[in-house]
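# Chain and residue survey
So you can see what is in the structure, the chains are spelled out below.
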Amino acid sequence: MSISASQAPSPSDDNAAASGGSVIDHIVEANARYANEFKDPGLSARPAQKVTVVTCMDARLNLPEALGLEVGDLHTLRNAGGVITDDIIRSLTISQRALGTRSVVVIHHTGCGMQTLTEDFRQELADEVGQRPAWAVESFKDVDVDVRQSVQRLRTSPFLLHTDDIRGFVFDVTTGLLREVDPQN
């Protein structure tokens, strides 16, 4: 797998260039329009539903809508693959101990790019930039196995206060349905 910086531009890059300006310029402009109409809803930083969702950074996942939740209902933690890393444990610990969440939902998805990588990716980076990253890629082949592993990592963490309501799912990106993963199989 090549990780060169000279990747082909995406269609959204072409759209931004054609309309003048970068994607970030458009985001800043859209935010100004949003802020003009914004009214502070007075929400607490504490999620109303006392739930944290850990999932992948994949752009196809619209979590609040897919889960029937609203802004203010949940904490959302995202990374490549939705894997349970030290930083996810850190954020979950703060979510539970300082902000009152009790439930954790782990959501992986079909067609995840992390299923195509291996730990060789770290060596490719080292070869390219002259430094090996300290972090693990955390790639996986079987999404169900990784969901089980993620749930187990959370249930055994000494830092989390609430480990009794942790469940894992796979989101199907073609149907929009969640499928619960049996933690025992």
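Criteria and cut-off values
- Sequence order as written defines the numbering, with residues in each chain counted from 1.
- For a predicted model such as this one, the threshold for reporting local features is a pLDDT of at least 70, and the threshold for listing and counting side-chain atom pairs is 80 or more; totals across whole chains, interfaces and linings nevertheless cover every residue.
- Hydrogens are left out, water is left out, and the side-chain values use all remaining heavy atoms of the structure.
- A run of H or I in DSSP counts as a helix once it spans at least four residues, and a run of E counts as a strand once it spans at least two, with each numbered from the N terminus.
- Only protein chains enter the calculation, and the probe is 1.4 Å; a residue is then buried if its accessible area is under 20% of its type maximum, exposed if over 50%, and partly exposed in between.
- Note on contacts: a residue pair is in contact if any heavy atoms of the two residues lie within 4.5 Å.
- All accessibility values rest on the Shrake-Rupley procedure with a 1.4 Å probe; residue burial counts only the protein chains present in the view.
- Any Lys or Arg side-chain nitrogen found within 4 Å of a carboxyl oxygen on Asp or Glu counts as a salt bridge.
- For two strands to count as paired, DSSP must find a minimum of two bridges between them.
- To define axes, lines are fitted to C-alpha atoms, for helices over the stretch in contact only, and angles between the resulting N-to-C directions are given on a 0 to 180 degree scale.
- Think of it this way: a Phe, Tyr or Trp ring, Trp meaning its six-membered ring, pairs with another when their centres are within 6.5 Å, and the plane angle makes it stacked under 30 degrees, edge-to-face over 60, tilted otherwise.
- The span one expects for a helix is its residue count, reduced by one, times 1.5 Å.
- Between N or O atoms, a polar contact is any pair within 3.5 Å; within protein, one atom must be a potential hydrogen donor and the other a potential acceptor, and residues adjacent in sequence are included only when both atoms are from side chains.
- One number per residue, pLDDT, summarises how confident the predictor is, and it ranges from 0 to 100.

## A short note on the overall build of the chain
Broken down by element type, the chain carries six helices and five strands. Ordered by position in the sequence, the α and β elements of the chain form the string α-α-β-α-β-α-β-α-α-β-β. Per-residue burial for the chain yields a buried fraction of 35% across its 185 residues. Partitioning the intrachain contacts of the chain with sequence separation of at least 6 by distance along the chain shows that 63% fall at a separation of at least 24. In the form shown here, the chain has an accessible surface area of approximately 11,500 Å², with 53% of it arising from carbon and sulfur atoms.

## Things to note about the pattern of salt bridges
Applying the stated criterion across every chain, the model contains six salt bridges. The salt bridge involving R60 is made with D58; its shortest N-O contact spans 2.7 Å. Between R153 and E138 there is a salt bridge, with its nearest N and O atoms 3.3 Å apart. Note that R153 is positioned in helix α6 (residues 143–155) and E138 in the loop between α5 (120–129) and α6, a separation of 15 residues in sequence.

## Section: the sheet that holds strand β4 (residues 166–171)
Within the open sheet, the five strands sit side by side as β2-β1-β3-β4-β5. Their pairing is mixed. At either end of the open sheet lies a strand with only one pairing partner, and these are β2 (74–79) and β5 (178–180). Averaged over all pairs of adjacent strands, the angle between strand axes in this sheet comes to 25°, irrespective of strand direction. Bridge count between strand β1 (residues 51–56) and β2: six bridges; the pairing is parallel. Among the inter-strand pairings, V53 is bridged to a residue of β2, identified as T76. Lying on the sheet, helix α4 (residues 86–99) is in contact with β1, β2 and β3 (103–109); it crosses β2 at an angle near 170°. Sheet strands in contact with α6 are β3, β4 and β5, and its direction is about 160° off that of β4.

## Some details on the packing of aromatic side chains
Applying the stated criterion across every chain yields a total of one aromatic pair. When the ring of Y34 is compared with that of F38, the centres are 5.4 Å apart and the planes differ by 45°; the resulting orientation is tilted. Residue class for Y34 comes out exposed when judged on its relative accessible area of 52%. Classification of F38 as partly exposed rests on a relative accessible area of 43%.

## Notes on α6
Because an α-helix completes one turn every 3.6 residues, residues spaced three or four positions apart along the sequence face the same direction. Taking 1.5 Å as the rise per residue, α6 with 13 residues should run 18 Å; its terminal C-alpha atoms sit 18 Å apart, in good agreement. Of the positions making up α6, those classed as buried are V143, D144, D146, V147, R148, S150, V151 and L154. N-cap assignment for α6: the residue whose side-chain oxygen lies 2.9 Å from the backbone N of D144 is D142.

## A short note on the confidence of the model for the chain
Of all residues in the chain, 90% attain a pLDDT of 70 or more, and the chain-wide mean is 91. Of the regions scoring below 50 in pLDDT, residues 1–9 engages in nine contacts with residues more than four places distant in sequence or in other chains.

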